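Next come the chains, spelled out residue by residue.
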Amino acid sequence: PRQPAKTLWYDRPRYVYLEFCVEDSRDVRVVIEDQRLVFSCKNADGVEFYNEINLYARINSKDSQEKRSDRSITCFVRKWKDKEAWPRITKENVKPAWLSVDFDNWRDWEGDEEMERAMVEQYAEV
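Under an unreviewed UniProt entry, the protein has the name TEBP synthase and belongs to Baryphthengus martii. The record in UniProt for the protein states the following under Sequence similarities (unreviewed entry): "Belongs to the p23/wos2 family."

Let us now look at the environment of Lys 67. As for its position among the elements, Lys 67 is in strand E7 (residues 59–68). Considering only alpha carbons, one finds Lys 67 and Glu 19, 48 residues apart in sequence, at a separation of 9.4 Å.

As a further point, take the sheet that holds E7. Strands sit in the order E7-E8-E3-E2-E9 across an open sheet of five strands; the sheet is mixed. The open sheet terminates on both sides in strands that have one partner only, identified here as E7 and strand E9 (99–101). Strand-to-strand twist of the sheet, defined as the mean angle between neighbouring strand axes without regard to direction, takes the value 20 degrees. Relative to strand E8 (residues 73–79), strand E3 (residues 15–21) runs antiparallel, the two being bridged by six bridges. Of the residues in E8, the one forming a bridge with Tyr 17 is Phe 76.

With that settled, consider the sheet that holds strand E4 (residues 26–32). If you walk across this open sheet you meet the four strands as E1-E6-E5-E4, and the pairing is mixed. Two strands in the sheet have a free side with no partner beyond their single neighbour: strand E1 (2–3) and E4. Pairing of strand E5 (residues 36–42) with strand E6 (residues 48–54) involves seven bridges; the strand directions are antiparallel. Its bridge partner being in E6, Lys 42 is matched across the sheet by Glu 48.

The next subject is the pattern of salt bridges. Considering all chains together, one arrives at seven salt bridges under this definition. Note that Asp 11 and Lys 79 form a salt bridge whose closest N and O atoms lie 2.6 Å from each other. Pair noted here: Asp 11 is in strand E2 (residues 6–11) and Lys 79 is in strand E8, with a separation of 68 residues, a long-range link. By the burial criterion, Asp 11 is buried, and Lys 79 matches it. Taking the shortest distance from any N to any O, the salt bridge between Asp 63 and Arg 78 comes out at 2.9 Å. Placement of Asp 63 in strand E7 and of Arg 78 in strand E8 is noted, with a sequence separation of 15 residues between them. With relative accessibility at 31%, the residue Asp 63 sits in the partly exposed group. Overlapping salt bridges, with partners in common, bring together Arg 14, Asp 63, Arg 78 and Asp 82 in one network.

Criteria and thresholds
- Residues numbered from 1 in each chain as written.
- Predicted model: local features only at pLDDT ≥ 70, side-chain atom pairs only at ≥ 80, totals over all residues.
- Heavy atoms only, no water.
- UniProt positions renumbered as here; feature names shortened; annotations may be inferred.
- Helix = DSSP H or I, 4+ residues; strand = E, 2+ residues; numbered from the N terminus.
- Pairing = 2+ DSSP bridges.
- Axes fitted to C-alpha atoms, helices over the stretch in contact; angles between N-to-C directions.
- Salt bridge = Lys/Arg side-chain N within 4 Å of Asp/Glu carboxyl O.
- Buried < 20%, exposed > 50% of the residue type's maximum accessible area, 1.4 Å probe, protein only.

Here it is in structure tokens:
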């Protein structure tokens, strides 16, 4: 049986960030389309995780990427329209139980593009 991974998300001027919280993930698969993101993997115990998100707005799938760490998989999803705040990550106005706002990283980002660029570059180097 598969289950959704606990997922945190936050909004920035150019990107939306999603963190799928699965420790010791393997067989990670992330499919980023213009309006949808599909995530799947297994953990060390063989539990299958699967999340499918119909995104709030269109994104640039070619300029989006993911980064795996021991504790999670983070996706950087490039917005189609920069500087347009997303009030939610899902197209539907329904919040799944496994999806939460990452309040540790959430902030009012007016004029915060330099910091965002530095964050993306920092992740890219790791």
